[in-house]
Amino acid sequence: QVQLVESGGGLVQPGGSLRLSCAASGSIFRINSMAWYRQAPGKQREQVAIITSGGVTNYADSGKGRFTISRDNTKNTVYLQMNSLKPEDTAVYYCYLRDLLGREYWGQGTQVTVSS
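Please read all numbers here as calculations on a predicted model, not as lab measurements.

Caption draft 1: Representation of the environment of V92 in the model. The residue V92 is located in strand β9 (residues 91-99) in this model. A sequence separation of 83 residues divides V92 from G9, and the C-alpha atoms of the two residues are 8.6 Å apart. Non-local contacts of V92, meaning those with residues more than four positions away in its chain, are made with Y37, R38, Q39, G109, T110 and Q111.

Encoded structure:
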């Protein structure tokens, strides 16, 4: 089984920054991609950013220019640096992993609240 453990969420003022981390452990087959999703109250879960095993990244329009996804393959860890945070970024952020067999795994989520 694969476990994803997120950390780094919290309360931040508008304009502030947070860095989320997600460490994958367990019986990990070769990773295809890792990503961050978020879900705000009353809304569907949406992809924020994704990074492939080759380092190719893609961002939702909402985070372009403000968010940066990166990964440390030696640690099976993915990061999300979030700058210039806005109240509308408030959500539970989930880590996602897909391996080369197509199996998908999710973390338990970490709360990000942007408020003054």
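Caption draft 2: How the structure looks around the environment of E104. As for its placement among the helices and strands, E104 is situated in strand β10 (residues 104-106). Sequence-wise, E104 and S25 are 79 residues apart; in three dimensions their C-alpha atoms are separated by 14 Å. At a separation of 2.6 Å, a polar atom in the side chain of E104 contacts the side chain of Y96. Reaching out from E104, the side chain makes a polar contact with the side chain of R98 at a distance of 3.4 Å.

Caption draft 3: Main features of the sheet that holds strand β1 (residues 2-7). Strand order in the open sheet formed by four strands is β1-β3-β8-β7, with antiparallel pairing between adjacent strands. The sheet is open, and its two edges are formed by β1 and β7 (67-72), each paired on a single side. The sheet shows a mean angle of 15° between the axes of neighbouring strands, taken without regard to direction. The pairing of β1 with strand β3 (residues 18-26) spans six bridges and is antiparallel. The partner of L4 across the bridge, within β3, is A24.

Caption draft 4: Geometry of the state of the cysteines. All told, the structure shown has one disulfide when counted by the stated rule. Disulfide pairing is shown between C22 and C95; the S-S distance is 2.0 Å. Between C22 and C95 the sulfur-sulfur dihedral comes to about -85°; the bridge is accordingly left-handed. One end of the pair, C22, is in strand β3; the other, C95, is in strand β9, with 73 residues separating them in the sequence.

Caption draft 5: View of a nonpolar patch on the surface. On the surface, F29, L100 and L101 cluster together into a nonpolar patch covering about 290 Å² of accessible area. Mapping L101 onto the fold places it in the loop between β9 and β10. With relative accessibility at 55%, the residue L101 sits in the exposed group.

Parameters at a glance
- Every chain's residues receive numbers from 1 upward, in the order its sequence appears when written.
- Reporting of local features is limited, given that this is a predicted model, to residues whose pLDDT is at least 70; pairs of side-chain atoms are given and counted only at 80 or more, and all residues count toward the totals for whole chains, interfaces and linings.
- Hydrogen atoms and water are omitted, and side-chain values are computed over all heavy atoms in the structure.
- The helix and strand labels rest on DSSP assignments: H or I over at least four residues marks a helix, E over at least two residues marks a strand, and numbering proceeds from the N terminus.
- Between two residues, a contact is recorded if the distance between any of their heavy atoms is within 4.5 Å.
- Polar contact is defined as a pair of N or O atoms within 3.5 Å, subject to the rule that within protein one atom must be able to donate a hydrogen and the other to accept it, and that residues adjacent in sequence are counted only when both atoms are side-chain atoms.
- Each pair of strands is called paired provided DSSP finds at least two bridges between the two strands.
- Structural elements are reduced to axes, namely lines fitted to C-alpha atoms, with helices fitted over the stretch in contact, and the angle between N-to-C directions of any two is expressed from 0 to 180 degrees.
- When two cysteine sulfur atoms lie within 2.5 Å, the pair is treated as a disulfide.
- Exposure above 30% relative accessible area and the lack of any salt bridge qualify a residue for a patch; like charges then connect within 9 Å, and the nonpolar side chains Val, Leu, Ile, Met, Phe, Trp and Tyr within 5 Å.
- Every accessible area reported is derived by Shrake-Rupley at a probe size of 1.4 Å, with residue values counting cover from the shown protein chains alone.
- The salt bridge criterion pairs a side-chain nitrogen of Lys or Arg with a carboxyl oxygen of Asp or Glu, the two atoms within 4 Å.
- Only protein chains enter the area calculation, which uses a 1.4 Å probe; residues under 20% of their type maximum are buried, those over 50% are exposed, and those in between are partly exposed.

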